[in-house]
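# Architecture and fold: a report
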Amino acid sequence: MQHSKSQAFWMMTPLAVVVIALVAFPTLYAYFVSVHDARLSGEPASFIGLQNYTSMLTNSSFYGSIYYSAKFALLATVVELAAGIGLAVLFNRTFRAKGMFTSLLLLPLMIAPSLFALIFRLMLNEFVGVVPYYLNQWGIAVNPFDPLWVNVTLVGIDAMQWIPFVFIIVYAGLTTIPEELYEAARVDGANTVQSFFQITLPLLVPTLAIVAFLRGIDAFKIYDMIYVLTNGGPGELTTSISLFIYKKAFLEGNIGEATAASVLLTFLLAPVLGLAMKFIVRKGA
C-alpha cells in the first residue's frame, strides 16, 4: 500500500511541475509586475503598490473597452447561435452533395482569424474594395468602416468565420436525438415547427449552453480581427479589452498598468464565468 502511494506520488510529480511552470509562476509573476512601475524600455521597475490598479480603475477607456468587448461578444454569439442552429437543422437530412456543401461550409474555420480579417480588409476597402465598388454601382454609398456601420461589419465578419463552429457542434447534437421522438410527435399531430420547439430545442439546451459559453469567451477576448480591420477605431469606438491591454503594454510601454488591467479583468470575469459553468453543469445533468 505504501509502495503504491509512493509510486503514484512520483508519477504525479512531472504533472505538478508542468502546472506550476505554466500556471502558478506566470500568475504570481503577473501580480508582482502589477505592483511595480514596469516599463517596456527596460528601466528598473520600482515598487509603487496599488498605483497601477488605481490608474486603471479611474481610466474611462478601460471601462469602455470592457463594455465594447461584452457588447461585441453578446451580439456575435447571438448571431452565430441563430445561424448555426438554422444551418444544422437544414443539413440534418439527406440530400445530394451534402458532403461537399458541408466541407465548403467549414472552410472558414481553416483560415487564421488575422488572415480572414485581412481578406475582408481588402474586399471592404473604401477605395479599392470590390464590395464598396459594386455597392456604388447599385447607388448605395456606404463605407463599412464608418462609425455607423463598423460594428455591424465586425460582427458580420466574425460570424462568417465562426458560424461553422457553432454549426458542427449543434449538428453533432442533433444526430444524438432519437428519431422515435419525432415519429411519436407526428403521430400526435405535431408539425415541423412544433417538433422543433418542443423536442429539438429542449434537448439541445446542454449543447447550446456549451457552444454559447465557448463562443462568448472567444468573442469577448477578440483581438486579431479588430487589430487588422480597425485597430480599435474610429477613435476608441471598437477597442476591445484585449486591444486596450496590448496598446497599454506595447504602444505606451507601460507593462505595469497593462498587467494590472489583466488582473482586474480576471477578478471581474471570475464570478460571471463561475455562474456560467454552474448553469452548464446543471443543464448537462
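Everything that follows concerns the structure shown earlier in this document.
In this text the structure is predicted, and so the values were computed from the model without any measurement. (Residues numbered from 1 in each chain as written. Predicted model: local features only at pLDDT ≥ 70, side-chain atom pairs only at ≥ 80, totals over all residues. Heavy atoms only, no water.)

### What to know about the packing of helix H4 (residues 98-106) against helix H7 (residues 150-174)
Rule in force here: Interaxial angles span 0 to 180 degrees and are taken between N-to-C directions of axes, which are lines fitted to C-alpha atoms, for helices over the stretch in contact. Secondary structure elements follow DSSP: runs of H or I no shorter than four residues count as helices, runs of E no shorter than two count as strands, and numbering proceeds from the N terminus. Oblique is the label for any angle not covered by the other classes, which are roughly parallel (under 35 degrees), roughly antiparallel (over 145) and roughly perpendicular (65 to 115). By the convention used here, residues are in contact when the closest approach between their heavy atoms is within 4.5 Å. The residue classification treats Ala, Val, Leu, Ile, Met, Phe, Trp, Tyr, Cys and Pro as nonpolar and Asp, Glu, Lys and Arg as charged. All others, Gly included, are polar.
Interaxial distance between H4 and H7 falls to 9 Å at its minimum, and their mutual angle equals 135°. Here H4 is positioned oblique relative to H7, judged by the angle of their axes. Every residue of H7 that contacts H4 at Lys-98, Thr-102, Leu-105 and Leu-106 is listed here: Pro-164, Phe-167, Ile-168 and Tyr-171. When its residues are assigned to classes, the contact of H4 with H7 shows six nonpolar, one polar and one charged.

### Side note on the pattern of salt bridges
In plain terms, the rule: In the sections that follow, a salt bridge refers to a side-chain nitrogen of Lys or Arg positioned within 4 Å of a carboxyl oxygen of Asp or Glu. Burial classes: relative accessible area under 20% of the type maximum marks a residue as buried, over 50% as exposed, and values in between as partly exposed (1.4 Å probe, protein chains only).
This structure, assessed with the given rule, holds eight salt bridges. The salt bridge partner of Glu-80 is Arg-215, with a shortest N-O separation of 2.7 Å. Residue Glu-80 is found in helix H3 (residues 60-91), and its partner Arg-215 is found in helix H9 (residues 192-220); the two are separated by 135 residues along the sequence. Taking the shortest distance from any N to any O, the salt bridge between Arg-215 and Asp-218 comes out at 2.6 Å. Taken together, the positions of Arg-215 and Asp-218, both in helix H9 and three residues apart, correspond to about one turn of that helix. For Arg-215, a relative accessible area of 2% puts it in the buried group. Here the residues in one salt-bridge network are Glu-80, Asp-158, Arg-215, Asp-218 and Lys-221, joined through shared partners.

### Here we look at the side chain of Asp-158
As a reminder, the rule being used: For this analysis, a polar contact is any N or O atom pair within 3.5 Å, provided that within protein one partner can donate a hydrogen and the other can accept it, and provided that sequence-adjacent residues contribute only side-chain to side-chain pairs.
Tracing the chain through its elements places Asp-158 in helix H7. Here Arg-215 takes part through its side chain, which lies 3.1 Å from a polar atom of the side chain of Asp-158. With residues up to four places along the chain from it excluded, the contact list for Asp-158 reads Phe-72, Ala-76, Glu-80, Arg-215, Ile-222 and Met-225.

### Focus: the packing of aromatic side chains
The line we're drawing: Here is the rule: rings of Phe, Tyr and Trp (six-membered ring for Trp) pair when centre to centre is within 6.5 Å. Planes less than 30 degrees apart are stacked, more than 60 are edge-to-face, and the remainder are tilted.
Under the criterion given, the structure shown has 16 aromatic pairs. With centroids separated by 5.5 Å and ring planes inclined at 75°, the aromatic side chains of Phe-91 and Phe-95 adopt a geometry described as edge-to-face. Exposure remark for Phe-95: the relative accessible area of 30% places this residue in the partly exposed category. With 5.1 Å between their ring centres and 80° between their planes, Tyr-133 and Tyr-134 make a pair best called edge-to-face. The partly exposed category is assigned to Tyr-133, whose relative accessible area is 45%. Classification of Tyr-134 by relative accessible area gives partly exposed; the value is 43%. Connected via pairs of aromatic rings, a cluster forms that spans Phe-91, Phe-95, Phe-167 and Tyr-171.

### Observations regarding the nonpolar core
Put simply, the rule is: Side-chain atoms within 4.5 Å are what join buried Ala, Val, Leu, Ile, Met, Phe, Trp, Tyr and Cys residues into a set we call a nonpolar core.
Among the nonpolar cores identified, the biggest contains 36 residues, and Phe-62, Phe-72, Leu-154, Met-225 and Ile-241 are the most heavily contacted of them. Put simply, the parts of the chain that give this core at least two residues each are helix H2 (51-57), H3, helix H5 (113-123), H7, H9, helix H10 (224-229), helix H11 (241-251) and helix H12 (255-284).

### Considerations on a nonpolar patch on the surface
The criterion, for reference: Two distance rules govern patches: like charges are joined within 9 Å, and nonpolar side chains (Val, Leu, Ile, Met, Phe, Trp, Tyr) within 5 Å, applied only to residues with over 30% relative accessible area and no salt bridge. Using a 1.4 Å probe, the Shrake-Rupley method yields the accessible areas, and only the shown protein chains count as cover for residues.
On the surface, Leu-115, Leu-118, Ile-119, Leu-122, Met-123, Val-130, Tyr-133, Tyr-134, Trp-138 and Ile-140 cluster together to form a nonpolar patch covering roughly 980 Å² of accessible area. Contributions of two or more residues to the nonpolar patch are made by H5 and helix H6 (130-137). No other element matches H5, which puts five residues into the nonpolar patch. With respect to the helices and strands, the residue Ile-140 is situated in the loop between H6 and H7.

### Some points on the layout of surface pockets
Our working definition: Buried and open spaces are told apart on a 1 Å grid over the protein atoms alone, a cavity being a set of points where a 1.4 Å probe fits but cannot get out and a pocket being an open set with protein on both sides within 12 Å along at least five of seven lines. Residues with an atom within 4 Å of a point are the lining residues. Grid points are joined across faces, edges and corners, and a volume is the space filled by probe spheres set on the points.
As a volume, the largest pocket reaches approximately 530 Å³. For the largest pocket, the lining is made up of 17 residues, of which Ala-212, Phe-213, Gly-216, Ile-217 and Val-272 are closest to its centre. Among the elements of the structure, H3, H9 and H12 are those that each provide at least two residues to the lining of the largest pocket. Of the residues belonging to the lining of the largest pocket, the class tally is 14 nonpolar, two polar and one charged. If you add up the space inside the second largest pocket, you get close to 400 Å³. Around the second largest pocket, the lining is made up of 15 residues, and of these Val-89, Asn-92, Tyr-182, Thr-192 and Thr-200 lie nearest the centre. Breaking the lining of the second largest pocket down by element, the ones donating at least two residues are helix H8 (179-187) and H9. Among the elements that line the lining of the second largest pocket, the one with the most residues is H9, at four residues. Considered class by class, the residues forming the lining of the second largest pocket number six nonpolar, six polar and three charged.

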